[in-house]
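# Residue-level structure breakdown
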Amino acid sequence: MEVSIDQTKWYDRILASFIFFTRLPFWRLRQPPVACYQTVVEHWPLTGWLTGGAMGLTLYFATLIFPGYVGVLLAILVRILITGALHEDGLADFIDGFGGGSDRQRILNIMKDSHIGTYGVLGLIFYFLILTTALYSIPPYIATLLVFAADPYSKMVTSQMILMMPYARSEEEAKSKTIYRKFGAWAGLSLAVQGLLPMIAFIFIMGISWEALIFIPAVVMYMLYMFIWSKLRGYTGDCCGAVCLLVELSIYLYVCASNYLWPL
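Here goes a summary of the coordinates provided. (Residues numbered from 1 in each chain as written. Predicted model: local features only at pLDDT ≥ 70, side-chain atom pairs only at ≥ 80, totals over all residues. Heavy atoms only, no water.)

The subject of this paragraph is empty space enclosed by the protein. Over the atoms a probe the size of a water molecule is rolled, and this reveals where empty space is left. With the rule as written, the count across this model stands at one cavity of 30 Å³ or more. Contributing to the lining of the largest cavity are Thr51, Arg79, Thr83, His87, Glu88, Asp151, Lys155 and Leu245. Among the elements of the structure, helix H3 (68-83), helix H4 (86-100) and helix H7 (140-159) are those that each provide at least two residues to the lining of the largest cavity. Its residues assigned to classes, the lining of the largest cavity comprises one nonpolar, three polar and four charged. (1 Å grid on protein atoms, 1.4 Å probe; cavity = no way out; pocket = protein on both sides within 12 Å on 5 of 7 lines; lining within 4 Å. Points joined across faces, edges and corners; volume = space filled by probe spheres on them. Helix = DSSP H or I, 4+ residues; strand = E, 2+ residues; numbered from the N terminus. Nonpolar A, V, L, I, M, F, W, Y, C, P; charged D, E, K, R; others polar.)

For Tyr37, the location among the structural elements is in the loop between helix H1 (10-21) and helix H2 (44-63). Through-space distance from the C-alpha of Tyr37 to that of Phe26 is 14 Å; in sequence the pair is eleven residues apart. In contact with Tyr37, other than residues within four places in its own chain, are Ala16, Ile19, Phe20, Gln31, Pro32, Thr178 and Tyr180. (Contact = heavy atoms within 4.5 Å.)

Moving on, we come to the packing of aromatic side chains. Between two aromatic rings, the relevant description is the distance of the centres plus the angle of the planes. Following the criterion strictly, the structure yields 15 aromatic pairs and no others. With a centroid separation of 5.3 Å and 80° between ring planes, the pair formed by Tyr60 and Phe61 is classed as edge-to-face. The exposure class of Phe61 is partly exposed, given its relative accessible area of 48%. Aromatic ring contacts, followed pair by pair, group Phe20, Phe21, Trp44, Tyr167, Tyr180 and Tyr235 into a single cluster. (Phe/Tyr/Trp six-rings, centres within 6.5 Å; stacked < 30°, edge-to-face > 60°. Buried < 20%, exposed > 50% of the residue type's maximum accessible area, 1.4 Å probe, protein only.)

As a further point, take unusual backbone geometry. Its identity is not glycine, yet Ala85 carries a phi of approximately 55°, on the positive side. Positioned with a positive phi, Arg233 is a non-glycine residue whose angle comes to about 60°. Arg233 gets classed as partly exposed once you look at its relative accessible area, which sits at 45%.

Rendered as structure tokens:
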């Protein structure tokens, strides 16, 4: 029997988010109703607690044994294994689509194509080079806390795109066959708590400027939103994944630059 979103339980919605955004066997616990998958973005930052925590801990302990750059690469690998490179795939499709598409429909067609193109390959290469270099340039104990803070926060910031524009495809054309619902005030408050708590803790522990660390990622998201809106007049799952990674990268680059200009 079909179950509406309003009839679903909160714990099923959270479970659906972990099933959707990770490759860990959470589905073995129980199978949430299909309607729950329309709400996965509302608990997206919470999955960041898992992926960011795993990545941060791997980075810290790996750098106790291996050279710093090896620890960073292992940390990135752990997150990719947990998520199945879901967002990285979105970034590659995003760069392919906007790099090779001349109009709205062409961009959407390229992003839906399962094959990766030259733009996507080059985009991923430069993304991982910048990510690895930035994290390697930050002291391991700071990078550990930062990764745990940046992952949920970037997901919280990116989730606002769901409210800012409509889905660019129909439900039948969607890769996941699901369109995220536009969340209300309570879900927005929950998102804020999920995304801000780790970031506020990081800012408090490190004693660094909170204004830039909070607002720079938001500005990056807004600029990407304006770019996507000008081309598609809507978002896709690939757009969300790409924006999430680029917003997160802006956090690492800011802290990396701050570490050189004003050593932490």
